[in-house]
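# Architecture at a glance
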Amino acid sequence: MVAQLRTLLILIVLAIVMIVLGRMVGGLTAPEGPISEAEVDRLIRNLDEPVGNRIDTLKHAALAGLFVSTTEQAHWPTVLEELAMARQYGVHTFVLHVALPWGDAPWESYARLQEALAVVQGAQIWLSLELTPTAAWLDAHPDEVSTYEFEGATYPSIGSAAWRSAGSAAIFDVGRTLKTASPSVSIDGIVLRALEDGNWSRSMGYDRSPANERAFGDWVRRKYETVEMLTETWGDDYTSFDEARVPDPPTDTTGTFFRESRHVDYMEYLNEMTANAVSFFADCAREAFGDSAKVYALYGECFGRPLPEHGQWAIGRTLAESVDGLALNLDRQFRSLGDTGGEAGPSTVPVLRGKRWVLLDDTRTGIGWNASTNSVFKPAGFEVRTVSPAYDRNLLNAAMEQGGVFWSDVRGQGNFLEPSLWDYFASRVPVIDELQNAASVASRTALIVLDERSMAYVADGERVGVNLINGTRRAIRQSGVSFGYVLLDDLLDGRAPEARVFIFPNLFRVEESVRERLHAYFAEHGAAAIWLYAPNAAGSDT
């Protein structure tokens, strides 16, 4: 099945392209020699010392900068040195990841944040807010904690009202503290992070915590209005909405799609509640830091987390509400040298909706923290050319989709503690700026149309996400053809750019009225539609 699908994808691409891009090659040397930390103070005191390709921050308005964390106390001198070095080379935008004060606990990262602000004074400051509560808060609120663990850690239930209340209080606490202690510091942007890997995802969807049971019950009441409607859809003889509980995982896992409506409803609930939580905290951040602060969310990574229970399939709803843009990690499947690269979510969707997006590029440089020596190491004979092909590829992919780039050392490992790297990055900022200004999403040769609603029906998300969606986009990116992503709603609502070919990898469920509108659209525009897997999308007989 997989081999046949790959063959089909190759044939599809060959039908719409004439150019095949070569793959890049390269490699890294193993770390061998230490880097001294003795120059930290000198770098901080001499930020105006002339260096090579210093960025002209007045001329170039590209959204490009350094993303670091203030939470790693053991590595903190290394992070300060990294900030100082980037500032010396003219970097003008810094994203500082901070852990919030939860409950009555003191704000532990406050002192480090103040030191970072002193080092990068005069720059544009973004804050990355970690909205996953501390272990102490979770221990004190067991009913609000999801009933599963991810890599040994627990997380709040997506339905927890107490989590939202405490998180909003923490956001306002940070806003008030900065306004009082650092009135001259203006926060230009916010990145909202939470749950697994900070990207608002969950590995297992069937959370039976009291908080989630309550929230799901409320959602079911809003959707069905009457118990009779619920009974008709779910198939059981209900006498009260109180009997509608989070369903058990399906016992039959052999099919691609869920067989029971209760599972579809629960997946819809998870994605809708995730978007709702993102929007709630975005509203809080905007009120706490002012309307001038752009609010982004690390959300929408449906390529890297494709299962419906991951909660990444409410991008349209999220963008329609409070956020100004999305932050997206690199795609972990295709990030290696020689592969296509790309981001972990549909980057053109925010642009089509008049919003922005930024890539978090954490490509490894070979430089980093060595725990055995308690110092930063770099490869012997390190040369930028060993890593620049990957950075160039990622930069070009982002800029051509009108995206910004934050070079990310979110774990504070000292990955960019090397002057030649910042000389290289500085030389690329004008390129980002020019490409962003020249790039357009007004027309593409091909568009991949993603249907978020259909994903609620998907029981085998790996098959759909990896083989259909990710296989399609990898093949098209390798071809060199101009392409982009749109949501089905974008196409139906007139936001989609012109294209010759529309590829539907996941339109599994479609209403008659939607099918008629699609047929009319393709007839009017003379475009081709390719359905990779679309039950009843082409007509009532299929």
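Use the structure listed above.
First, a word on what this report is: a plain description of the structure on this page. In this numbering scheme, every chain counts its residues from 1 along its sequence in written order. Residue-level local features of this predicted model are given only where pLDDT is at least 70; pairs of side-chain atoms are given and counted only at 80 or more, and the full residue set underlies all totals for whole chains, interfaces and linings. Values reported for side chains reflect all heavy atoms of the structure, with hydrogen atoms and water molecules removed beforehand.

Secondary structure is summarised from DSSP: a helix means a run of H or I of at least four residues, a strand means a run of E of at least two, and numbering begins at the N terminus for each. Per the secondary structure count, the protein includes 16 helices and 15 strands. A 1.4 Å probe rolled over the protein chains alone gives each residue an accessible area, and that area as a share of the maximum for its type sets the label: buried under 20%, exposed over 50%, partly exposed in between. Each of the 542 residues in the protein was classed as buried or not, and the buried ones make up 58%. Contacts: residue pairs with any heavy atoms within 4.5 Å of one another. Sequence-distant contacts in the protein: of pairs separated by 6 or more residues, those separated by 24 or more amount to 81%. All accessibility values rest on the Shrake-Rupley procedure with a 1.4 Å probe; residue burial counts only the protein chains present in the view. Accessible area of the protein: about 22,500 Å², with a carbon and sulfur share of 50%.

Let us now look at the side chain of His310. For His310, the location among the structural elements is in the loop between β6 (294–298) and α10 (315–320). Among the residues examined, His310 registers a relative accessible area of 7% and is labelled buried.

Another aspect to go through is the packing of helix α7 (residues 210–224) against helix α8 (residues 227–234). For any two helices packed against each other, the geometry comes down to the angle between their axes and how far apart the axes lie. In this description, a line fitted to the C-alpha atoms serves as the axis of each element, helices being fitted only across the stretch in contact, and the angle between N-to-C directions of two axes falls anywhere from 0 to 180 degrees. Look at α7 against α8: their axes get within 8 Å of each other, and the N-to-C directions meet at 100 degrees. It follows from the interaxial angle that α7 and α8 lie roughly perpendicular. Where α7 abuts α8, its residues Phe216, Val220 and Tyr224 lie against Met229, Leu230, Thr233 and Trp234. Of the residues that constitute the contact of α7 with α8, the class distribution is six nonpolar, one polar and no charged. Working rule for angles: under 35 degrees goes down as roughly parallel, over 145 as roughly antiparallel, 65 to 115 as roughly perpendicular, anything else as oblique. Polar here means any residue other than Ala, Val, Leu, Ile, Met, Phe, Trp, Tyr, Cys and Pro, which are nonpolar, and Asp, Glu, Lys and Arg, which are charged; Gly is therefore polar.

This brings us to the packing of aromatic side chains. Aromatic ring pairs are reported here in terms of the distance separating the ring centres and the angle at which the planes meet. Each aromatic pair joins two rings of Phe, Tyr and Trp (for Trp, the six-membered one) with centres within 6.5 Å, and gets the label stacked for planes under 30 degrees apart, edge-to-face for over 60, and tilted for any other angle. Enumeration over the complete set of coordinates arrives at 32 aromatic pairs. Measuring from ring centre to ring centre gives 6.2 Å for Trp163 and Trp200, while their planes differ by 45 degrees; the resulting arrangement is tilted. One end of the pair, Trp163, is in helix α6 (residues 161–181); the other, Trp200, is in the loop between β5 (187–193) and α7, and 37 residues separate them in sequence. One aromatic cluster is present, built from ring pairs that chain together Tyr206, Phe216, Trp219, Trp234, Tyr238, Tyr266 and Tyr269. Definition used: whenever NZ (Lys) or CZ (Arg) falls within 6 Å of the ring centre and also within 35 degrees of the ring normal, the charge is taken to sit over that ring. Geometry around Phe150 places Arg305 over its ring, the cationic atom sitting 6.0 Å from the centre.

The length a helix should cover is 1.5 Å for every residue beyond the first. Compared with an ideal rise of 1.5 Å per residue, which puts 21 residues at 30 Å, α6 spans 30 Å between its outermost C-alpha atoms and is within 8% of the ideal. Taken together, the buried positions of α6 are Trp163, Arg164, Ala166, Gly167, Ser168, Ala170, Ile171, Val174, Gly175 and Leu178. Lining the buried residues of α6 we find α4 (110–119), β4 (124–130), α5 (135–140), β5 and α9 (261–289). Polar contacts, as used here, are pairs of N or O atoms within 3.5 Å; protein pairs need one atom able to donate a hydrogen and one able to accept it. Residues neighboring in sequence count only if both atoms are side-chain atoms. The N-capping residue of α6, defined by a side-chain oxygen 3.4 Å from the backbone nitrogen of Ala162, is Ser160.

Along β5, six of the seven residues are buried, which leaves the element largely enclosed by surrounding structure. Relative to β5, β4 runs parallel, the two being bridged by six bridges. Residue pairing in the sheet places Ser128 in a bridge with Val191 of β5. Taken together, the four bridges between β5 and β6 define a ladder with parallel strand orientation. For Leu192, the partnering residue across the bridge sits in β6 and is Ala297. Here, any two strands with at least 2 DSSP bridges between them count as paired.

Our next topic: the sheet that holds β6. Judged by pairing direction, the barrel is parallel, and its eight strands sit side by side in the order β2-β3-β4-β5-β6-β7-β8-β11 before closing back on the first. Averaged over neighbouring strand pairs, the angle between their axes works out to 25 degrees when direction is ignored. Summarising the sheet, strand β8 (residues 356–361) and strand β11 (residues 404–409) pair through four bridges and their orientation is parallel. Looking at the pairing, Leu360 lines up with Phe406 of β11.

Take it as geometry only, folks, not as evidence of what the structure does.
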